[in-house]
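# A look at the structure
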Amino acid sequence: MLTARCLSDTLAHLEAAGHVCILKDAFDFESPSEIANLILAENCEAALALHLYRGGRLLQGHRIPFGVIFGGTDVNEDANQAEKNTVMGRVLEEARFAVAFTESMKEMAQVQWKARQISLAVTSAVPVQPHAKGKIYVQSQGIATTPNAAFNWNTFLQRSEINQSADNLHIFLLICGLRQVKDPLYLVDAFSEWHQEEPNVYLVILGPEVDPVFTREVKANVKRAAGVRLIGEMPQEDLHAVVKNCFAVVNSSVSEGMSAAILEAMDLEVPVLARNIPGNAAMVKHEVTGLLFSNPQEFVHLAKRLVSDPALEKEIVVNGKEYVRMYHSWQVERDTYQQLIRKLEGSTED
């Protein structure tokens, strides 16, 4: 799941360079004044925000240098709302740097806020500085998986109320926070029908309850869906162990920046089935590093194919592992952030 995990990994890179870091959730703050109090209390000298709107807007006007990391929904969805777009343009203007996970995300951001810059220039006699020019760097997520060697898979299955022999099971794992953009219910009905035909296939939805109202809807739907289970958040090492033991990892999101769950599955040599959206298609090449589906029926078709074709499964797993090794190096990510953080050192005039 891309949120706090992404930022905590980034902070680990900065701490390795000798910086003292404090990790806070943007949802815990209702106004910039609360951030001002935190900055004062902790004597913060710089800040790094994940998500241009949710995190970035809270850092404006505090007279400390900051950088931002695009989350995905900020560029893909929030930018389409005029008010949020304006706020994010101002955040980008004030930020010392911004990080996009892909070239396409960088290009989308440049188009969005270049357009706003032109619009302002037309209506204002004051020269308008480019918001994005020279500020956006592309750095894909670095991946390092650490599955808990002591994790008991059979205990996990019992906790999930899956009372079958592990040898004959095919567990499809959907890792996401329970919020609408992740669309965890997208495959539930189609998967449940498949389970009734083949009782050894299960869909396990695993993640934190982010949106309380939507969580109730998910729980109600899962409760009446045969072959579908819902499990709460767990420590990262245990989560990696679950991924390693499952048959395949699934992503059904409406919008993604760069799914850490997909990349971690590839690193752990587990096949991936992902909804065919730009963020997923940037990483998953169909039938090479994973399988892409455009609707629930196509998902079931591809999942059945994967179950019955060990050669395809092996090819996808090998290619996925190599893709992560080549393009999602933990060390390269560390080097990038340690260099970028230097842009936050010193005064604005430096």
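Residues numbered from 1 in each chain as written. Predicted model: local features only at pLDDT ≥ 70, side-chain atom pairs only at ≥ 80, totals over all residues. Heavy atoms only, no water.

We apply this condition: UniProt positions are given in the numbering used here, feature names are shortened, and annotations may be inferred rather than shown by experiment.
Per an unreviewed UniProt entry, the protein chain goes by Glycosyltransferase 1 domain-containing protein 1 and derives from Pongo abelii. Here the protein chain is described in UniProt, under the heading Subcellular location (unreviewed entry), as follows: "Secreted".

### A look at the overall build of the protein chain
Here is the rule: Strands are runs of DSSP state E lasting at least two residues, helices are runs of H or I lasting at least four, and both sets are numbered from the N terminus onward. Our radius of gyration looks at C-alpha atoms and nothing else; its globule reference is 2.2 Å times the residue count to the power 0.38. Partly exposed residues are those whose accessible area sits between 20% and 50% of the maximum for their type, while under 20% is buried and over 50% is exposed, using a 1.4 Å probe and protein chains only. Contact criterion: two residues are considered in contact whenever any of their non-hydrogen atoms come within 4.5 Å of each other. Exposure was quantified through the Shrake-Rupley algorithm and a 1.4 Å probe, taking into account, for residues, occlusion by the shown protein chains and nothing else. Charged residues are defined here as Lys and Arg on the positive side and Asp and Glu on the negative side; His and the ends of the chain fall outside this count. Where a charge sits is defined by one atom per residue type, namely NZ (Lys), CZ (Arg), CG (Asp) or CD (Glu).
Within the protein chain one finds 14 helices and 10 strands. Here the C-alpha atoms of the protein chain give a radius of gyration of 21 Å, agreeing with the 20 Å that 2.2 N^0.38 yields for 350 residues. Scored against the burial criterion, the 350 residues of the protein chain give a buried share of 51%. For the protein chain, long-range pairs separated by at least 24 residues make up 71% of all intrachain contacts whose partners lie at least 6 apart in sequence. In the structure as shown, the protein chain presents an accessible area of about 16700 Å², 48% of it carried by carbon and sulfur atoms. Across the protein chain, the 32 positively charged side chains and the 44 negatively charged ones have centroids separated by 3 Å.

### Here's the deal with the packing of helix α7 (residues 188-197) against helix α12 (residues 296-308)
Helix-helix packing is described using two parameters, namely the angle between the two axes and the distance between the axes. We apply this condition: Whenever a helix is involved, its axis is fitted only over the stretch in contact; in every case the axis is a line through C-alpha atoms, and angles between N-to-C directions fall within 0 to 180 degrees. Working rule for angles: under 35 degrees goes down as roughly parallel, over 145 as roughly antiparallel, 65 to 115 as roughly perpendicular, anything else as oblique. With the far helix as reference, a near helix turned anticlockwise by less than a right angle produces a left-handed crossing, and one turned clockwise produces a right-handed crossing. Ten residues, namely Ala, Val, Leu, Ile, Met, Phe, Trp, Tyr, Cys and Pro, are considered nonpolar, four, namely Asp, Glu, Lys and Arg, are considered charged, and the remaining ones, Gly among them, are considered polar.
Look at α7 against α12: their axes get within 9 Å of each other, and the N-to-C directions meet at 40 degrees. One finds that α7 runs oblique with respect to α12. The way α7 lies across α12 gives a crossing that is right-handed. Mapping the contact onto sequence places Ala190, Phe191, Trp194 and Glu197 in α7 and Pro296, Phe299, Val300, Ala303, Lys304 and Val307 in α12. In terms of residue class, the contact of α7 with α12 is made up of 8 nonpolar, no polar and 2 charged.

### Structural notes on unusual backbone geometry
One non-glycine residue with positive phi stands out, namely His51, at about 90 degrees. Note on His51: relative accessible area 2%, which makes it buried. Phi is positive for Arg63, which is not a glycine, with a value near 65 degrees. Structurally, Arg63 can be placed in the loop between β1 (47-50) and β2 (66-69).

### Topic: the UniProt feature "domain: Glycosyl transferase family" (unreviewed entry) in the protein chain
The feature "domain: Glycosyl transferase family" (unreviewed entry), as annotated in UniProt, sits at residues 163-322 in this numbering. Annotated as residues 163-322, this span is 44% helix and 17% strand, and its ends, taken at the C-alpha atoms, are 35 Å apart.

### Digging into the nonpolar core
For clarity, the threshold we go by: Residues enter a nonpolar core if they are buried and are Ala, Val, Leu, Ile, Met, Phe, Trp, Tyr or Cys, with the set joined through side-chain atoms within 4.5 Å.
If you look at the biggest cluster of nonpolar residues, it comprises 72 residues, and the most contacted ones within it are Phe70, Phe156, Ile171 and Leu173. Counting residues per element, this core draws most heavily on helix α10 (residues 260-267), at 5 residues. Once you skip the residues sitting within four places of it in the chain, Ile171 turns out to touch Trp153, Leu157, Ile162, Tyr202, Val204, Cys246, Phe247 and Ala248. Grouped together as the second largest cluster of nonpolar side chains are 32 residues, Leu187, Val201, Ala225 and Phe299 included.

### A closer look at the pairing of β1
It is a general feature of regular strands that their side chains alternate between the two faces of the sheet. Just so we agree on the cut-off: Pairing between strands is defined by DSSP: at least two bridges between the two strands are required.
Going residue by residue along β1, you find Ala47 and Ala49 tucked away on one face and Leu48 and Leu50 tucked away on the opposite face as well. Note: β1 against β2, 4 bridges, orientation parallel. Paired with Leu48 across the two strands is Gly67, which belongs to β2.

### Overview of helix α4 (residues 82-94)
Turn by turn, an α-helix covers 3.6 residues, leaving residues three or four places apart pointing in a common direction. Keep this limit in mind: One less than the residue count of a helix, multiplied by 1.5 Å, gives the span that helix is expected to have. In this description, the arc belongs to the directions extending from the helix axis to the C-beta atoms.
With 13 residues, α4 ought to run about 18 Å at 1.5 Å a step, and its terminal C-alpha atoms sit 19 Å apart, in line with that. Listing the buried residues of α4 in full gives Asn85, Met88, Gly89, Val91 and Leu92. Looking straight down α4, one finds that the buried residues subtend no more than 165 degrees of arc, so they occupy a single side.

### Focus on helix α14 (residues 330-340)
Within the sequence span of α14, burial applies to Glu333, Tyr337, Gln338 and Leu340. Looking straight down α14, one finds that the buried residues subtend no more than 160 degrees of arc, so they occupy a single side.

### Regarding the packing of α10 against helix α13 (residues 310-327)
Packing of α10 against α13 leaves a shortest axis separation of 7 Å and a crossing angle of 115 degrees. The angle between the axes of α10 and α13 places the two elements in the roughly perpendicular class. Like other packed secondary-structure pairs, α10 and α13 cross with a definite hand, here left-handed. Across the interface between the two elements, Leu263, Met266 and Asp267 from α10 touch Gly320, Lys321, Tyr323 and Val324 from α13. Per-class residue counts for the contact of α10 with α13 are 4 nonpolar, 1 polar and 2 charged.

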